[in-house]
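Structural description and commentary
One-letter residues, chain by chain:
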Amino acid sequence: MTPDEFRQNGYALIDWITDYIEGIEQFPVSNPTIAPGDVRAMLPPHPPTTTESFSHVLTDLDDIVVPGLTHWQHPSFFAYFPANLSYPSILGELASAGMGVQGMSWVTSPACTEVESLMLDWMQELLGLPERFRSDSEAGGGVIQGSASEATLVAILAARWRITNGAVNADGDTTKLVAYTTAHAHSAIEKGLRIAGVGTDHMRFVPYDSSFAMRPDELSRMISDDRAAGLVPFFVCATRGTTSSTAFDPTPEIAAICRRENVWLHVDGAMSGIAALVPELRWVNDGLELADSYCTNPHKWMGVNFDCDLFWTADRAALLGALSILPPFLRSKALESGAAIDYRDWQVPLGRRFRALKLWFTLRCDGVEGTQAMIREHVRLTQMLAELVEADDRFQIDAPHPLNLLCCSLVAGSAQTDALIEAANNSGHALFTRTVLNDSVSLRFSIGARLTTERHVLAGWQLLQSLA
Ligand SMILES: Cc1ncc(COP(=O)(O)O)c(C=O)c1O
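The following paragraphs examine the structure supplied in this document. A quick note: this is a predicted structure, and the numbers were derived from the prediction, not measured.

1. Concerning a nonpolar patch on the surface
- A grouping of Ile-14, Leu-91 and Leu-94 is seen on the molecular surface, where their side chains present a nonpolar patch of about 250 Å² in accessible area.
- Here Ile-14 lies in helix H1 (residues 3-22).
- Overall, the relative accessible area of 33% leaves Ile-14 in the partly exposed class.

If you want it as structure tokens, here you go:
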């Protein structure tokens, strides 16, 4: 492709993207008729031997790819948690691709590192997070990770380094380490522990209360029992907004226990933490003052394209202790001066994209007011939906719903609720996912897509009522 062709095709692609997003309601939210292998069967089995025009590629996007998509940007997408985008964020992705820089070290692209540090500090301010997480604080700092799963993993690795006084980098014994969370925490924690060599048999699921939030008294008891058995408690993950039902583990009480017991506290606010952009919802991040690390995802509810997880720690020495390795080919005067950050030491891979651009573009071109209004509206719609569900005797609400997720089920039972979810999804008019609460199936009505309005929520509810 020549530079002129790139320019021309680029305009065509931007047109295509704009038409896709603005016309998204013409599509079913997901394609219920598609079967595994269908998309591949429409594509040539072997690579092309001659070049093709870009317009043919766009035609295949329309004819083959789009029918095989689940439309996450669709306003009737009520499944999982959202993965929003925004126009400035898309342009940030494009700019990053166009620059094609590797930001692994400060010296490999100083702007890549410095814009990122600044974005983390801007977000610390916007979310009202503790000052000790700032890049210019004495011991803390923030970094963009690809996902909350990666953030959890590096938190576990830092915790493991700290509890072993660094011995884990040599021949330290990690077989006695024990971690704690609830059964409602994200599976990323179990995965991260496994990667860190802490088996599931050393992962404790702390009992939760009637709102599915961790019980601090039980956490305290389990830590004592493990210590009495000669084990070494090292890591607690408290979730602020669980994936199942948006339960909020009581971080202030948990943090006090962790501090007393010298256990690393990671707080996972992947979905709900972003709500703190709205001043009256700042409570979502209560208790972070004593946490060792925290993460939240602008790629869920803030309109910054995936992948953009913000991870902060108050103990960067532990993180660097766990992950910093300095081969001769990566040495630089800037790093040795102590004045530069090499973000490769804050994450698992070496290489890294210029992800901060999409956050920077979004904050500058769309500002936070639009996101604040969207978050407030989604919370309002969820409370409105709850009133409607309560008024229908065939349904019951299964969990507290302080933000934008309503878990509900048919009084008739789990099999009927599963059948309802399947029928609704097969209609193509909306998409829902399920969870299990108190051993019963619950339908998750997650209101977070950027284009969702009252009309879509009402239509989604009427669909459920008509199929119930
Ligand atoms: C509370 C929570 N933690 C972690 C994750 C994992 O997020 P990611 O896809 O960024 O790894 C999710 C995903 O929905 C989540 O809801």
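Moving on from the coordinates now.
2. Considerations on the packing of aromatic side chains
- All chains considered together, the criterion is met by 14 aromatic pairs.
- Centre to centre, the rings of Trp-16 and Tyr-20 are 5.7 Å apart; their planes meet at 5 degrees, and the pair counts as stacked. Of this pair, Trp-16 and Tyr-20 both sit in helix H1, four residues apart, which is roughly one turn of that helix.
- Consider the rings of Tyr-20 and Phe-27, whose centres lie 5.9 Å apart with planes at 35 degrees: the pair is tilted.
- One aromatic cluster is present, formed by Trp-16, Tyr-20 and Phe-27 through successive ring pairs.
- Here Arg-444 stacks its cationic end above the ring of Phe-81, 4.9 Å away from the centre of that ring.
- When the ring centre of Tyr-87 is taken as origin, the NZ or CZ atom of Arg-450, which lies over that ring, is 5.7 Å away.

3. Looking at the sheet that holds strand S10 (residues 433-437)
- In space, the four strands of this open sheet follow the order S8-S9-S11-S10, with antiparallel pairing throughout. Where the open sheet ends on each side, the last strands, each with one partner, are strand S8 (395-397) and S10. Strand-to-strand twist in this sheet, taken as the mean axis angle between neighbours without regard to direction, amounts to 40 degrees.
- With four bridges connecting them, strand S9 (residues 405-410) and strand S11 (residues 440-446) associate as antiparallel partners. Following the sheet pairing, Cys-407 is matched in S11 by Arg-444.
- Helix H14 (residues 369-390) contacts S8, S9 and S11 of the sheet and is inclined by roughly 15 degrees relative to S9.
- Where helix H15 (residues 414-427) meets the sheet, it contacts S8, S9, S10 and S11, and its direction lies at approximately 30 degrees from that of S11.

4. Side note on the site of the ligand
- Near the ligand, the surroundings consist of 13 residues, among which Ala-148, Ser-149, Thr-243, Asp-268 and Asn-297 are the closest.
- The separation between an oxygen atom of the ligand and a polar side-chain atom of Ser-149 is 2.6 Å.
- His-299 places a polar side-chain atom, nitrogen or oxygen, 3.4 Å from an oxygen atom of the ligand.
- Summarising the interface, the protein chains cover 87% of the accessible area of the ligand, which totals 400 Å² for the free molecule.

5. What about the sheet that holds strand S3 (residues 203-205)?
- Taken in spatial order, the seven strands make up an open sheet running S1-S7-S6-S5-S4-S2-S3, and their pairing is mixed. In this open sheet, the two edge strands, each paired with only one partner strand, are strand S1 (141-145) and S3. Strand-to-strand twist of the sheet, defined as the mean angle between neighbouring strand axes without regard to direction, takes the value 20 degrees.
- Taken together, the five bridges between S1 and strand S7 (residues 309-313) define a ladder with antiparallel strand orientation. In the strand pairing of S7, Gln-145 is matched with Asp-309.
- Where helix H9 (residues 251-261) meets the sheet, it contacts strand S4 (232-239) and strand S5 (264-268), and its direction lies at approximately 160 degrees from that of S5.

6. Some details on helix H5 (residues 110-127)
- With 18 residues, H5 should reach 26 Å at 1.5 Å per residue; the first-to-last C-alpha distance of 26 Å fits that figure.
- By the burial criterion, the buried members of H5 are Cys-112, Thr-113, Val-115, Glu-116, Ser-117, Met-119, Leu-120, Asp-121, Met-123, Gln-124 and Leu-127.
- Immediately beyond the C-terminal end of H5, within one or two residues, lies Gly-128, with a positive phi of roughly 70 degrees.

7. Things to note about the layout of surface pockets
- Here the largest pocket defines a volume of roughly 810 Å³.
- Along the walls of the largest pocket sit 32 residues, with Leu-13, Ile-17, Ile-90, Glu-93 and Asn-305 positioned nearest its centre.
- If you list the elements that add at least two residues to the lining of the largest pocket, you get H1, helix H3 (54-65) and helix H4 (87-99).
- Ranked by residues supplied to the lining of the largest pocket, first place goes to H1 with 11 residues.
- Considering only residue class, the lining of the largest pocket consists of 22 nonpolar, eight polar and two charged.
- Roughly 490 Å³ of volume is contained in the second largest pocket.
- Residue lining of the second largest pocket: 28 residues in total, with Phe-81, His-186, Thr-243, Asn-297 and Lys-300 positioned closest to the centre.
- If you list the elements that add at least two residues to the lining of the second largest pocket, you get helix H6 (148-163), helix H7 (187-195), helix H10 (298-301) and S10.
- A per-element tally of the lining of the second largest pocket places H6 first, with three residues.

Scoring rules and cut-offs
Residues numbered from 1 in each chain as written. Predicted model: local features only at pLDDT ≥ 70, side-chain atom pairs only at ≥ 80, totals over all residues. Heavy atoms only, no water. Patch = residues over 30% accessible without salt bridge, like charges linked within 9 Å, V, L, I, M, F, W, Y side chains within 5 Å. Areas by Shrake-Rupley, 256 points an atom, 1.4 Å probe, with all protein chains shown as cover. Salt bridge = Lys/Arg side-chain N within 4 Å of Asp/Glu carboxyl O. Helix = DSSP H or I, 4+ residues; strand = E, 2+ residues; numbered from the N terminus. Buried < 20%, exposed > 50% of the residue type's maximum accessible area, 1.4 Å probe, protein only. Phe/Tyr/Trp six-rings, centres within 6.5 Å; stacked < 30°, edge-to-face > 60°. Lys NZ or Arg CZ within 6 Å of the ring centre and 35° of its normal. Pairing = 2+ DSSP bridges. Axes fitted to C-alpha atoms, helices over the stretch in contact; angles between N-to-C directions. Contact = heavy atoms within 4.5 Å. Near = heavy atom within 4 Å. Polar contact = N/O pair within 3.5 Å; in protein donor to acceptor, adjacent residues only side chain to side chain. Expected span 1.5 Å × (residues − 1). 1 Å grid on protein atoms, 1.4 Å probe; cavity = no way out; pocket = protein on both sides within 12 Å on 5 of 7 lines; lining within 4 Å. Points joined across faces, edges and corners; volume = space filled by probe spheres on them. Nonpolar A, V, L, I, M, F, W, Y, C, P; charged D, E, K, R; others polar.

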